[in-house]
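What follows is each chain in one-letter form.
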Amino acid sequence: MNAPHSYDLLVKPWIPVAWRNDAAEPREPKVGITEALQRSHDIRSISHTSPFIEFGLYRLLITIVLDANTVAGERPTIGKIRSLLSKRRFDAKVLGDYFKRHDEGFDLWNSRRPFLQRKIEKTDGQQHELKPIVTLFSAIPSGTNVTHWCHCIEDEVALTEDIAAQILTTVSPFNFKNKPGEARTLAGDPPLYGLVLGKDLFETIVLNLPRPSGRVTIQQEQNNGPVWRTQLDLHMLPKIPTVTQGFTWPVRVIALESDGEVVTKSVNRATYKKPTEKAKKKNENLYDAKYGWRDPNAGVETTGDNIVHIKTRPNVPIWRDAVPLFLVAGEGEVLRADKRRSRPEVISNALRVLDTPWFNVAVYGMRKKGGGGGDVKVEEWFRSILTFPTE
């Protein structure tokens, strides 16, 4: 009897990296999750040509380190972030124990809990239409755009398993291909994300570990983690997610289908819709985070009953959106009445732990075309590096 097909992301080489010049051999162009974390001090950065895939991979590693330390009773605080930076290594036992407990969630084809996917039950009463894999991959045109730009049939497109896994990491932070009324991310349209850059991958991960926000308790974070540790009831989604829940938020129900060692199709449908009057009349599964989620890598504008994540504006240069946002003097700059603006939490953390005169921030985002319509027509994706003083 043939063994079930497996693609173990802990060891398979699928994360593209750039090595430090002084790193010891071997220095393969792609590594698995375990090697990426074990040798993070030897790796300069994650390096991908697609900005949204690069950010998705960073977010995956940050989520793993944050959650592993949280369940081990070492939830990162400003003091523990400083301690981690001085040690220059992640705790091998903490990560080893974590992977041993949750290894099935890092297999692309696990029969019970496939990586960043939903196990589809045929008896749950939902329609699970298999769609071409391009409907999941934002970098490849689909629908009528295929004939204009690719000159191919979308059913003929296939992805290798490593690329399919990379795409899955982008769904929560950067989800573009939607029907009108479907949620794009937990924060709405993808916001401007700021990633504090260290001198190597280790520092970058540590500098982007969010400190406890006070919106949820440490006990709640220990009980409610990312999708490979905690499966959410899609009809009873939490109004205030924990950070790691938010980082792997199931905005889409996805289940890949393999054809040998390539991926050709997937189930890819919205988990819920925004609570519009039209959706309410259709008895849809509805959800709106509204005041329950603040992304630690994004700036926000808040009022008494709402949080709006700051996004790019049409026809405005990136630096005009990003620079003023990151240079806000502190948390909660008053704009008018009860409206306040705050920089990303990770920027505030970096200013408290870094002893250098300046630091770099990579800004990831998308700009959509203006005009009406429910679908997102992406004008550009971008990654831009900005330098800021620490004083």
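Details of the structure are given in the entry above.
Turning our eyes to something else, we now look at the sheet that holds strand β14 (residues 378-389). The antiparallel open sheet is built from 3 strands, whose spatial order is β6-β13-β14. The open sheet has two free edges, formed respectively by β6 (193-197) and β14, since each of these has just one partner strand. Taking the axes of each pair of neighbouring strands and ignoring which way they run, one obtains an average angle of 20 degrees across the sheet. Two strands pair when backbone bridges link them, and strand β13 (residues 358-368) and β14 are joined in this way by 11 bridges, in the antiparallel orientation. Note on β14: the bridge partner recorded for Tyr 364 is Arg 383.

On the secondary structure map, Thr 230 appears in the loop between α8 (218-223) and α9 (243-247). A distance of 2.9 Å separates the side chain of Thr 230 from the backbone nitrogen of Gly 225, its partner in a polar contact. Non-local contacts of Thr 230, meaning those with residues more than four positions away in its chain, are made with Arg 113, Asn 223, Asn 224, Gly 225 and Gln 245.

Moving on: the sheet that holds strand β1 (residues 15-19). With antiparallel pairing, the 3 strands of this open sheet are ordered in space as β2-β1-β3. The open sheet terminates on both sides in strands that have one partner only, identified here as β2 (30-31) and β3 (43-46). Of the strand pairs in this sheet, β1 and β3 are connected by 3 bridges, and their pairing is antiparallel. Bridge pairing in β3 links Ala 18 to Ser 45.

Let us now look at the packing of helix α3 (residues 78-87) against helix α12 (residues 345-353). The geometry of a pair of packed helices is captured by two quantities: the angle between their axes and the separation between those axes. The geometry of α3 relative to α12 is characterised by a closest axis approach of 10 Å and an angle of 65 degrees between their N-to-C directions. Between α3 and α12 lies a crossing whose hand is right-handed. Listed contacts from α12 to Ile 78, Ile 81, Arg 82 and Leu 85 of α3 are Asn 349, Arg 352 and Val 353. Among the residues forming the contact of α3 with α12, the class breakdown is 4 nonpolar, 1 polar and 2 charged.

Before going further, it helps to spend a moment on the environment of Gly 188. Within the element layout of this structure, Gly 188 appears in the loop between α6 (161-168) and β6. The exposure class of Gly 188 is partly exposed, given its relative accessible area of 29%.

With respect to burial, α12 is a largely interior element, 7 of its 9 residues being buried. Looking only at α12, the buried set comprises Glu 345, Val 346, Ile 347, Ser 348, Asn 349, Ala 350 and Val 353.

Another aspect to go through is α3. Because each turn of an α-helix spans 3.6 residues, side chains separated by three or four positions end up pointing in the same direction. For α3, the full list of buried residues reads Ile 78, Ile 81, Leu 84 and Leu 85. Seen along its axis, α3 keeps its buried residues to an arc of 115 degrees; they face one direction. Exposed residues pointing more than 90 degrees away from the buried face of α3 are listed as Ser 86 and Lys 87. On the buried face of α3, the contacting elements are α7 (201-207) and α12. Arg 88 occupies a position one or two residues after α3 and carries a positive phi of about 65 degrees.

This next bit is on the pattern of salt bridges. If charged atoms from side chains of opposite charge come close, those side chains can pair. Enumeration according to the criterion identifies 19 salt bridges in this entry. In this structure, the salt-bridge partner of Arg 27 is Glu 25, at a minimum N-O distance of 3.5 Å. For the salt bridge of Asp 200 with Arg 88, the shortest nitrogen-to-oxygen distance reads 2.4 Å. Within this pair, whereas Asp 200 is found in the loop between β6 and α7, its partner Arg 88 is found in the loop between α3 and α4 (92-102), the two being separated by 112 residues in sequence. Of the residues examined, Asp 200 reaches a relative accessible area of 0% and is grouped as buried. Here the residues in one salt-bridge network are Arg 88, Lys 199, Asp 200 and Glu 203, joined through shared partners.

The next thing to look at is the nonpolar core. Core analysis: the largest hydrophobic core is formed by 100 residues, its most contacted members being Trp 14, Ile 15, Ile 33, Leu 37, Ile 64 and Leu 256. Sort the elements by how many residues they give to this core and helix α2 (residues 51-71) lands first, with 12 residues. Among all residues touching Ile 64, those that are not within four sequence positions of it are Ile 33, Leu 37, Leu 95, Tyr 98, Phe 99, Phe 106 and Trp 228.

Residues Ile 307 and His 309 line the buried face of strand β10 (residues 306-309), whereas the alternating positions Asn 306 and Val 308 sit on a face that is not buried. Looking at chain direction, strand β9 (residues 300-303) and β10 are connected through 4 bridges and run antiparallel. Note that in β10 the partner of Val 300 across the bridge is His 309. The loop that links β9 with its antiparallel partner β10 comprises 2 residues.

Moving on to the pairing of strand β8 (residues 262-270). Remember that side chains alternate between the two faces of the sheet whenever the strand is regular. Summarising burial for β8: 7 of the 9 residues are buried, a large majority. Two elements, strand β4 (residues 130-132) and β8, share 3 bridges in a ladder whose sense is antiparallel. Paired with Leu 130 across the two strands is Val 267, which belongs to β8. The sheet contact formed by strand β5 (residues 159-160) and β8 spans 2 bridges and is antiparallel.

This part takes up the packing of α2 against α4. With their axes 9 Å apart at the nearest point, α2 and α4 run at an angle of 95 degrees to one another. Overall, the two elements α2 and α4 adopt an arrangement that is roughly perpendicular. Facing Ile 64, Asp 67, Ala 68, Asn 69 and Val 71 of α2, the residues of α4 in contact are Val 94, Leu 95, Tyr 98, Phe 99 and Arg 101.

To describe a pair of aromatic rings, one takes the distance between the centres and the angle between the planes. Considering all chains together, one arrives at 16 aromatic pairs under this definition. Between the aromatic rings of Phe 174 and Tyr 193, the centroid separation amounts to 5.2 Å while the plane-to-plane angle is 80 degrees, which identifies the pairing as edge-to-face. A residue pair is termed long-range when its members are at least 10 positions apart, and Phe 174 in the loop between α6 and β6 and Tyr 193 in strand β6 qualify at 19 residues. Classification of Phe 174 as buried rests on a relative accessible area of 3%. Taken together, a centroid distance of 6.3 Å and an interplanar angle of 85 degrees make the contact between Phe 247 and Trp 293 edge-to-face. Residue Phe 247 is located in helix α9, and its partner Trp 293 is located in the loop between α10 (277-281) and β9; the two are separated by 46 residues in the primary sequence.

Conventions and cut-offs
- Numbering of residues starts from 1 in each chain and follows the order in which that chain's sequence is written.
- Where totals are concerned, whole chains, interfaces and linings use all residues; where local detail is concerned, this predicted model gives features only for residues with pLDDT of at least 70, and gives and counts side-chain atom pairs only at 80 or more.
- Heavy atoms from the whole structure form the basis of all side-chain values; hydrogens and water molecules are not counted.
- Two strands pair under a simple rule: DSSP has to find at least two bridges between them.
- Helix numbering and strand numbering both begin at the N terminus, where a helix is a DSSP run of H or I of at least 4 residues and a strand a DSSP run of E of at least 2.
- For helices, the axis comes from a line fit to the C-alpha atoms of the stretch in contact; other axes are also lines fit to C-alpha atoms, and the angle between any two N-to-C directions lies between 0 and 180 degrees.
- Whenever a nitrogen or oxygen atom comes within 3.5 Å of another N or O atom, the pair is scored as a polar contact, on the condition that within protein one atom can donate a hydrogen and the other can accept it, and that pairs from neighbouring residues in sequence are kept only if both atoms are in side chains.
- Contacts are assigned to residue pairs that have any heavy atoms within 4.5 Å of one another.
- Crossing handedness: left-handed means the near helix sits turned counterclockwise from the far one by under a right angle, and right-handed means the same turn made clockwise.
- Polar here means any residue other than Ala, Val, Leu, Ile, Met, Phe, Trp, Tyr, Cys and Pro, which are nonpolar, and Asp, Glu, Lys and Arg, which are charged; Gly is therefore polar.
- Three exposure classes are used, based on accessible area relative to the maximum for each residue type with a 1.4 Å probe and protein chains only: buried under 20%, partly exposed in between, and exposed over 50%.
- The directions from the helix axis to the C-beta atoms are what the arc is built from.
- Salt bridge, as used here, is a side-chain nitrogen of Lys or Arg placed within 4 Å of a carboxyl oxygen of Asp or Glu.
- Among buried residues, those of type Ala, Val, Leu, Ile, Met, Phe, Trp, Tyr and Cys that are joined through side-chain atoms within 4.5 Å constitute a nonpolar core.
- An angle below 35 degrees is read as roughly parallel, one above 145 as roughly antiparallel, one from 65 to 115 as roughly perpendicular, and any other as oblique.
- Ring pairs shown here join Phe, Tyr and Trp side chains whose ring centres sit within 6.5 Å, with only the six-membered ring taken for Trp; geometry is labelled stacked below 30 degrees between planes, edge-to-face above 60, and tilted in between.

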